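As a plain string of letters, each chain reads:
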Amino acid sequence: MVSQFNTFTDQYAKDQARIAAEAELSRLTLEWHARFEQRRQTRALAHGLVSELTKYALERGVLDKDLVSACAQNRMLMDPSFWLGPAVVALASRHLDKARLMHHARSLAYSRDMNRSNLFFLLTCTRTGDLDEAAYWMDKYLLSIDPYALDENFQVVLDAVACGELGERAHLAARQATHKWLDRLDLAGRVSSTTEQVAQHMRDLAPELPEQNYGELRQAYTGDWDALRRGWEEASVSEATLGHLRSAFPGASGSESVGHAASALDSLIDRHDPEEAALASRIRYLRTVVEHGGDTEAAHAEHTAALAAQEPVDLQKLLVNAVFVPDSVRLGEEARQLALQALWPQIMKASGTCERRSRLLLPAEFDVAWGQWEQTLPSDPDVTVPEDPLLDEAREIVQELTRQRIEAVRHRPVRLVASICLVTAGSVTAFAAPRGPFLTSVLAVTVAALIWLIIEWGRVPALKQELGQQGREELRSVTIGLERMLDQRVTFFAAWHENLATTPHLEAWPQKTWQGAEAEGT
């Protein structure tokens, strides 16, 4: 009954939340249309004007030029504060060859929203094929954006730049701006340096030392094993990074256009302004509540995740994720390759740092011990270590220790003499004593002393036999352990040296992979 009641109350609360959400959703939808319906129409006109069919129709005289100009100016009059209104007038004036009106309208749009206006004119110039003017607007766009807060539009533009849709000048401007931003972010100190972030991701890629494969080596090593482990793992950073890059960048698919610029333009036109965003976010949340049947917790979690995915990111995080966590960004391989070129100096610096640390932790020789046996061994896996003499030396030590333990086992004179005396005295007394309790006590003491004597006399050979068996087992254990330790020495340090030798391959990888592209910093 209690569970049924709880189920009923939970469902009732969800139904009430759903009803309240539906009511508020209706109210906010009406408010949205009342406040921003004019912007919907402006956006529809903008989509029409950026279409290639519109330009074709104007050139062929299918559309009346005065009508197009009037429609564009009407959109600006209906919502003077909206940046897209004058931007639409500027675009229409461009189609109608009204240069003066176009420049005035561009200035007005620029004063409304510098960042979006720059991007809009950049993408419309790209749409019309005027790549020289697109490069001009690319410079202005890059100067107007905040490298600490890059939105989805920048990611799409980066894709378009990498694919060559915006022209070679725009590509060069983007690369130069990226390097300047990275330097500025590093100097600002608001976030950890780019090299630190890159190095951390590279270390995360490196595998941990499989210590289960080196149990005997770790047991025998007398130094700081943790330092040795860190050196081995630092050496594997370059190898792990190279493997990741080969997997994440199998090869550029070419720089042909795949529509990134068009996608960015459509997204820009439809993106809400700040005054629209808060209301739109509330409407999306209410719709999510209704979809979840009034489950506000699930709706809140989904809505929060959606907002987090839309949060602007700083340039460092974007580039680092593009290279090391490609699934977390919406970038194609060409754009991620552009990010890789921007980060290549930091990757090589981090790789060199890890290599130097590893070499400092790599000993030329190291001490090992197994019981009483001690030896100094070379770390170079190519140096042959004769196993038989070492094993013979260790076995001799074990055998000598076993012999000393056996020889140290002797009868305990006090106990032996005491037990003999008690047995003798008891035997003599038993013959002379009359029957009775006293005789019983004497016999009991005599029997106990006799048992004590037998135990003490037999203890020595039994203990010597036990020590001999332990010595033989220890001998086998030492032989097997040292053989494994010597084998593990070779595999452990061979892997270490092989990983260190990977750094030159990592340095040479860009020349083999980036066809026609010179890696920055190599």
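Residues numbered from 1 in each chain as written. Predicted model: local features only at pLDDT ≥ 70, side-chain atom pairs only at ≥ 80, totals over all residues. Heavy atoms only, no water.

S.K.: How should I be thinking about the overall build of the protein chain in this particular structure?
M.R.: When its secondary structure is counted, the protein chain shows 21 helices and two strands. Taken over 522 residues, the protein chain has a buried fraction of 44%. Counted over contacts in the protein chain with a minimum sequence separation of 6, partners at least 24 positions apart contribute 76%. As displayed, the protein chain offers around 27700 Å² of accessible surface, 55% of which is attributable to carbon and sulfur atoms. (Helix = DSSP H or I, 4+ residues; strand = E, 2+ residues; numbered from the N terminus. Buried < 20%, exposed > 50% of the residue type's maximum accessible area, 1.4 Å probe, protein only. Contact = heavy atoms within 4.5 Å. Areas by Shrake-Rupley, 256 points an atom, 1.4 Å probe, with all protein chains shown as cover.)

S.K.: It is not clear to me how the packing of helix H6 (residues 114–128) against helix H7 (residues 131–144) should be interpreted in this structure. Could you clarify?
M.R.: Two quantities define a packed helix pair, namely the angle between the helix axes and the distance between the axes. Between H6 and H7, the shortest axis-to-axis distance is 8 Å and the interhelical angle comes to 160°. Comparing their axes, H7 and H6 come out roughly antiparallel. H7 is crossed by H6, and the crossing has left-handed handedness. Two secondary-structure elements touch here, H6 through Met-114, Asn-115, Asn-118, Leu-119, Phe-121, Leu-122, Cys-125 and Thr-126 and H7 through Glu-133, Ala-134, Trp-137, Met-138, Lys-140, Tyr-141 and Ser-144. Taken together, the residues of the contact of H6 with H7 break down into nine nonpolar, four polar and two charged. (Axes fitted to C-alpha atoms, helices over the stretch in contact; angles between N-to-C directions. Parallel < 35°, antiparallel > 145°, perpendicular 65-115°, else oblique. Left-handed = near helix turned anticlockwise from the far one by under 90°. Nonpolar A, V, L, I, M, F, W, Y, C, P; charged D, E, K, R; others polar.)

S.K.: I'm lost on the packing of helix H3 (residues 65–78) against helix H4 (residues 84–95) in this one. Help?
M.R.: Orientation of H3 relative to H4, taken along the N-to-C sense of each, is 165°, at an axis distance of 7 Å. In terms of orientation, H3 and H4 fall into the roughly antiparallel class. Between H3 and H4 the crossing geometry is left-handed. Mapping the contact onto sequence places Val-68, Ala-72, Gln-73 and Met-76 in H3 and Gly-85, Pro-86, Val-88, Val-89 and Ala-92 in H4. Looking at the contact of H3 with H4 residue by residue, the class counts come to seven nonpolar, two polar and no charged.

S.K.: Mind showing me how you'd approach the nonpolar core here?
M.R.: Across soluble globular proteins, nonpolar side chains show a tendency to be buried alongside one another. Of all hydrophobic cores here, the largest spans 84 residues; its most connected members are Phe-120, Met-138 and Phe-154. For Phe-154, the contacting residues outside a window of four places in its chain are Tyr-141, Leu-142, Ile-145, Trp-181, Leu-315 and Leu-318. Formed by 28 residues, the second largest nonpolar core is a distinct cluster that contains Val-368, Trp-370, Val-385 and Phe-492. (Core = buried A, V, L, I, M, F, W, Y, C linked by side-chain atoms within 4.5 Å.)

S.K.: For this particular structure, what's the right way to read the pairing of strand E1 (residues 365–370)?
M.R.: One face of the sheet, then the other: side chains in a regular strand alternate in exactly this way. Where E1 lies against strand E2 (residues 373–378), six bridges are found, and the strand directions are antiparallel. Residue pairing across strands places Asp-367 opposite Thr-376, the latter belonging to E2. What sits between E1 and E2 in their antiparallel hairpin is a turn of two residues, with Gly-371 showing a positive phi close to 70°. (Pairing = 2+ DSSP bridges.)

S.K.: Looking at this structure, how should I read H6?
M.R.: Since the α-helix advances by 3.6 residues per turn, residues separated by three or four positions end up pointing in the same direction. When the terminal C-alpha atoms of H6 are compared, their 21 Å separation across 15 residues agrees well with the 21 Å that a helix rising 1.5 Å per residue should span. Of all 15 residues that make up H6, eleven are buried, and the element is covered over most of its length. Listing the buried residues of H6 in full gives Arg-116, Ser-117, Asn-118, Leu-119, Phe-120, Phe-121, Leu-122, Leu-123, Thr-124, Cys-125 and Thr-126. Near the N-terminus of H6, the side chain that reaches the backbone nitrogen of Asn-115, with its oxygen 3.3 Å away, is that of Asp-113. Phi for Gly-129, located one or two positions after H6, is positive at around 85°. (Expected span 1.5 Å × (residues − 1). Polar contact = N/O pair within 3.5 Å; in protein donor to acceptor, adjacent residues only side chain to side chain.)

S.K.: Sorry if this is basic, but what is going on with empty space enclosed by the protein here?
M.R.: Left-over empty space is what a probe sized like a water molecule reveals as it rolls over the atoms. Applying the stated rule across the entire model yields three cavities of 30 Å³ or more. Around the largest cavity, the lining residues are Phe-154, Leu-158, Arg-175, Thr-178, Leu-315, Leu-319, Leu-338, Ala-339 and Ala-342. For the lining of the largest cavity, the element with the most residues is helix H17 (residues 333–361), which contributes three residues. Of the residues that constitute the lining of the largest cavity, the class distribution is seven nonpolar, one polar and one charged. (1 Å grid on protein atoms, 1.4 Å probe; cavity = no way out; pocket = protein on both sides within 12 Å on 5 of 7 lines; lining within 4 Å. Points joined across faces, edges and corners; volume = space filled by probe spheres on them.)

S.K.: I'm lost on the packing of aromatic side chains in this one. Help?
M.R.: How two aromatic rings sit relative to each other is given by the distance of their centres and the angle of their planes. All chains considered together, the criterion is met by 16 aromatic pairs. Through a chain of ring-to-ring contacts, three or more aromatic side chains come together here, namely Tyr-214, Tyr-221, Trp-225, Trp-232, Phe-366, Phe-492, Phe-493 and Trp-496. Just above the ring of Phe-121 sits the side chain of Arg-106; from NZ or CZ to the centre is 5.1 Å. Arg-336 extends its terminal NZ or CZ atom over the ring of Phe-249, reaching a point 4.9 Å from the ring centre. (Phe/Tyr/Trp six-rings, centres within 6.5 Å; stacked < 30°, edge-to-face > 60°. Lys NZ or Arg CZ within 6 Å of the ring centre and 35° of its normal.)

S.K.: When you look at the side chain of Ser-379 in this model, what are you seeing that I'm missing?
M.R.: Tracing the sequence through the fold places Ser-379 in the loop between E2 and helix H18 (387–407). Within polar-contact distance, the side chain of Ser-379 engages the backbone oxygen of Pro-363 at 2.4 Å.

S.K.: Is there a simple way to explain the pattern of salt bridges in this structure?
M.R.: Side-chain pairing between opposite charges can occur once the charged atoms of the two side chains come close. One pass over the full model with this rule turns up 22 salt bridges. When the shortest N-O distance is used, the salt bridge between Asp-273 and Arg-39 registers 3.8 Å. One end of the pair, Asp-273, is in the loop between helix H13 (260–270) and helix H14 (274–291); the other, Arg-39, is in helix H1 (residues 2–49), with 234 residues separating them in the sequence. Looking at Asp-273, the relative accessible area reads 5%, which means it is buried. Among the charged side chains, a network of salt bridges with common partners joins Arg-39, Arg-43, Asp-79, Asp-113, Arg-116, Asp-273 and Glu-276. (Salt bridge = Lys/Arg side-chain N within 4 Å of Asp/Glu carboxyl O.)

S.K.: Before we go on, may I ask you to explain a negative patch on the surface in this structure?
M.R.: Judged by side-chain charge, Glu-387, Asp-388, Glu-483 and Asp-487 come together as a negatively charged surface patch. At the level of secondary structure, the elements contributing two or more residues to the negative patch comprise H18 and helix H20 (437–500). Along the chain, Glu-483 falls in helix H20. (Patch = residues over 30% accessible without salt bridge, like charges linked within 9 Å, V, L, I, M, F, W, Y side chains within 5 Å. Lys, Arg positive; Asp, Glu negative; His and termini not counted. Charge placed at Lys NZ, Arg CZ, Asp CG, Glu CD.)

S.K.: Any chance you could explain the environment of Ser-263 here in plain terms?
M.R.: In this fold, Ser-263 is placed in helix H13. For Ser-263, a relative accessible area of 40% puts it in the partly exposed group. Taking C-alpha positions, Ser-263 is 7.4 Å from Val-156, a pair spaced 107 residues apart along the chain.

S.K.: I would appreciate a short explanation of H17 in the present structure.
M.R.: Maximum bend of H17: about 55°, positioned at Leu-343, with proline Pro-345 one to four residues after it. Along H17, 21 of the 29 residues are buried, which leaves the element largely enclosed by surrounding structure. (Bend = angle between axes of the 7 residues up to and from the residue.)

S.K.: Any chance you could explain the environment of Gln-38 here in plain terms?
M.R.: Note that Gln-38 resides in helix H1. Residues Gln-38 and Met-78, 40 residues apart in the sequence, show an inter-C-alpha distance of 6.7 Å. If near-sequence neighbours (up to four positions away) are discounted, Gln-38 is found in contact with Arg-75 and Met-78.

S.K.: Would you mind showing me how to read the confidence of the model for the protein chain here?
M.R.: Close inspection of predicted coordinates is inappropriate in any region flagged by low pLDDT. The pLDDT averaged across the protein chain works out to 80; a share of 80% of its residues lies at or above 70. By mean pLDDT, the top-scoring element of the protein chain is helix H12 (residues 225–248) (92), and the lowest-scoring one is helix H19 (residues 413–432) (61). Note on residues 252–257: pLDDT is under 50 here. Beyond four places in sequence and across chains, it has ten contacts. Here residues 515–522 scores under 50 on pLDDT; set against residues more than four positions off or in separate chains, the count is 17 contacts. (pLDDT = per-residue confidence, 0-100.)

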